[in-house]
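Residues per chain are reported as follows:
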Amino acid sequence: MLKKFWIFAALVLAVASAAAQKGDAPNPLFRVQTELVLVDLIVSDKEGNPIADLTEKDVQVFEDGKKQKINYFQFLSVPSEATPAGPEFAERASNDPISLASPAHRTSMAIFIDLASLEAPVFERAKESLAEFLENQVAPQTRIMLATYRGGLEIHQAFSDDRTKLAEALQGIQPAPDAQSAVGSFRKFSTQLEEIFHGAVPGAEPAAMAATQGKVFVAGLQRQMAAVSGALSALIQSLRPLPGRKQVLLYSSGYPMQPMNIVRQLIDKRTRASFGQPSTADLARGRGGDGRPTLPNPLSPTVADNRGKQIAETSLHKERMNAILSGGSGIDMRSYLQEVVDQANRSQVSFYSIDARGLLISSVSGDASDRGFVDQLGGQYLAELRDALTRAPQAFLTDLADQSGGLAFLNSNDLSKGLERAQRDARSYYLVGYRPKNKRKLGKFHTIDIKLKRSGAQARYRQGYIESDPRDASSEDVMTALKYPNLFESYPIELKVEPRPGGKLFFNTIAPTSSLVFAEENGLSRFSVEVYGILLDSKGKWVGDNVYFSRGQQLGSIPAERKAQFLTNASFSLSAEADSPPPGDYQVVVVVRQGVDGTVCTHRQPLQVGQ
């Protein structure tokens, strides 16, 4: 078992070639004081065209219903052609409370394809739309990442503005053979209902059997949504330190927020169909609950007596069904959605969600694959089923977009609209900052409301944020980086591992000093770095109970006038010692975290431990 690592690291400066380091410093990060709340504000007219001439006096910001003083206000506009920042902009930016160098005007667009929910024909249509976008419509100063979920998060292309690389990466993405949309899942469950109820008699208690199967079905949906939400949250966390406008374009067929309610409805309707309690509409049409014609006079004494027995039998089955399903009533799919929204709002990321199914038809005759339902259960049952299955999964897509200040694109075969609108929003938006007057409380959700004094102007922005403890956020970021290291490989790290006497391993993590983040204070540039590490076995599983090591170090400070030379000529290393694991093949995952702004970077490499 791997024991807890203990860092005894210190800063080691290794002089490197100035020529090799020059010009390799990463882009400056977009930083503000932690108490300043920043909001990306998209303002457009009724036709969706951006409005670019608002002033601070045209905007009112409210948090938790209380008006706030605007401390920062700027309109950001990216030109149609990429141009470097001129002297006029540089001079203006230097006087602002937030420095907006050219990299801050970049757009970082992460395209996330939920392969698990996109059946092959749907995926191919989405892929074709994306290919056309990458070839002809990518705006200047836009970096794009291609990521998919297929039982796990996979990065096919890290952020790049190289269209050729992006196109090649897109072509390499293949549909998931076991992909199934929420509609397809419910259709499969409905088929299971038919098998359970086929030829059933009251004594067989088919409703109870169906309810048990329904709980299993919902639990499966819950696992899938938890996994997809976790992957999305990790992706968002990796975007947090990036400057400029940050967007996630989500291609998915969505997930129902209350699947248990749909399961309950399906079983209830199938129970009624089997044991004769018709709906009001069926009675009006002269049909029974099984969809077949009733006796000429459905109100005759004989029919009424039989109807009473049928209703009693149905009620008994419904009572047993509810008793079983109530055990799953605590399943809350919305909590997974809220986790993603919270991450997006903390990271200033907007969602543009696209229902890749395209135009959806709710009529009975709209889908030949559903015709079996017509024959078995009657038209009304099918219509209500199709309506629920069409609309319910879209709640996931619309809520993600609405609560993060983005847009949802539904019921359209033109999948490029979402891409075009995301780019338009990224080129023209306002950045509004305020320091909240309200009392702060960890874990509290603070609502944000923005009102415009411009007739006809429409505003989109994130709806609020949760007050979080920075220590909790840092732990969360590190754990996410350890779980998804391929998301956080932002600068080069070198790892050297050496055996030591007494069954120990010595780990030396080396990173370029140009990657350090500084805090300027009293003429000194201060920095701090933490290092974390885990081992994975040959199957990719974490080794040991205490899976990571951590110990923050205030590593040093240098006079501000020497910082440039320091960055050009030095690297730093953090060293740690640990008990050697049993012989075998492993992989080491290391996370380096900056203490000033919390950014993280990862490194992976194989490790072979001999006898």
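I will try to describe carefully the structure that is included in this document. The residue numbering used here restarts from 1 in each chain and proceeds along that chain's sequence as written. Two thresholds apply to this predicted model, a pLDDT of at least 70 for residue-level local features and 80 or more for giving and counting side-chain atom pairs, whereas whole-chain, interface and lining totals are computed over all residues. Excluded from the side-chain calculations are hydrogens and water; all other atoms, namely the structure's heavy atoms, are used.

## Re helix α3 (residues 120–136)
Convention followed: Helix and strand labels come from DSSP, where a helix needs a run of H or I of at least four residues and a strand needs a run of E of at least two; each type is numbered from the N terminus. By this rule, a helix spans an expected 1.5 Å times one less than how many residues it contains. Relative accessibility decides the category of a residue: with a 1.4 Å probe and only protein chains considered, values under 20% of the type maximum give buried, values over 50% give exposed, and everything between is partly exposed. This arc corresponds to the set of directions leading from the helix axis out to the C-beta atoms.
The end-to-end C-alpha distance of α3, which contains 17 residues, comes to 25 Å, matching closely the 24 Å that a straight helix rising 1.5 Å per residue would cover. Listed as buried for α3 are Val-122, Phe-123, Ala-126, Lys-127, Ser-129, Leu-130, Phe-133 and Leu-134. For α3, the angular spread of buried residues about the axis comes to 165°, placing them on one side. The exposed set on the far side of α3, more than 90 degrees from its buried face, consists of Pro-121, Glu-128 and Glu-135.

## Let's talk about the sheet that holds strand β12 (residues 407–409)
Strands in a sheet are paired, the pairing made by backbone hydrogen bonds, and the direction either parallel or antiparallel. Under the convention used in this document: Here, a strand pair is defined by DSSP locating no fewer than two bridges between the strands. A fitted line through C-alpha atoms represents every axis, and for helices the fit uses only the stretch in contact; the resulting angles, taken between N-to-C directions, go from 0 to 180 degrees.
Ordered in space as β9-β8-β7-β10-β11-β12, the six strands form an open sheet in which the pairing is mixed. Each end of this open sheet is capped by a strand with a single partner; those strands are β9 (153–160) and β12. For this sheet, the mean angle separating the axes of adjacent strands, direction not counted, is 15°. Looking at chain direction, strand β7 (residues 107–114) and strand β10 (residues 245–252) are connected through seven bridges and run parallel. Bridge pairing links Met-109 to Gln-247 in β10.

## A word on the packing of aromatic side chains
Heads up, the rule is: Aromatic contacts are taken between Phe, Tyr and Trp rings whose centres are within 6.5 Å, Trp giving its six-membered ring; a plane angle under 30 degrees counts as stacked, one over 60 as edge-to-face, and the others as tilted. Distance and angle both matter: a charge sits over a ring if NZ of Lys or CZ of Arg is within 6 Å of the ring centre and within 35 degrees of the ring normal.
By the definition in use, this model includes eight aromatic pairs. With a centroid separation of 5.5 Å and 35° between ring planes, the pair formed by Phe-73 and Tyr-430 is classed as tilted. A residue pair is termed long-range when its members are at least 10 positions apart, and Phe-73 in strand β6 (residues 70–77) and Tyr-430 in strand β13 (residues 428–434) qualify at 357 residues. Here the aromatic cluster, defined as three or more aromatic residues joined through ring pairs, consists of Phe-73, Phe-75 and Tyr-430. Over the face of the ring belonging to Phe-159 we find Arg-143, whose NZ or CZ atom lies 4.9 Å from the ring centre. Note that Lys-451 overlies the ring of Phe-62, its terminal NZ or CZ placed 5.0 Å from the centroid.

## Some points on empty space enclosed by the protein
Which entries qualify depends on this criterion: Grid spacing is 1 Å over the protein atoms alone, the probe is 1.4 Å, and a cavity is where that probe fits but cannot get out, while a pocket is an open set with protein on both sides within 12 Å along at least five of seven lines and lining residues have an atom within 4 Å of a point. Grid points are joined across faces, edges and corners, and a volume is the space filled by probe spheres set on the points.
Evaluated as defined, the whole model comprises four cavities of 30 Å³ or more. Approximately 80 Å³ is the volume found for the largest cavity. Taken together, the elements giving at least two residues each to the lining of the largest cavity come down to α10 (334–347) and β11 (349–355).

## Brief notes about the sheet that holds strand β5 (residues 66–68)
One open sheet holds the four strands; their spatial order is β5-β4-β14-β16, and the pairing between them is antiparallel. At either end of the open sheet lies a strand with only one pairing partner, and these are β5 and β16 (464–466). Across the sheet, the axes of successive neighbouring strands diverge by a mean angle of 30°, strand direction being ignored. Of the strand pairs in this sheet, strand β14 (residues 445–452) and β16 are connected by three bridges, and their pairing is antiparallel. From the neighbouring strand, His-446 faces β16, where its bridge partner is Tyr-465.

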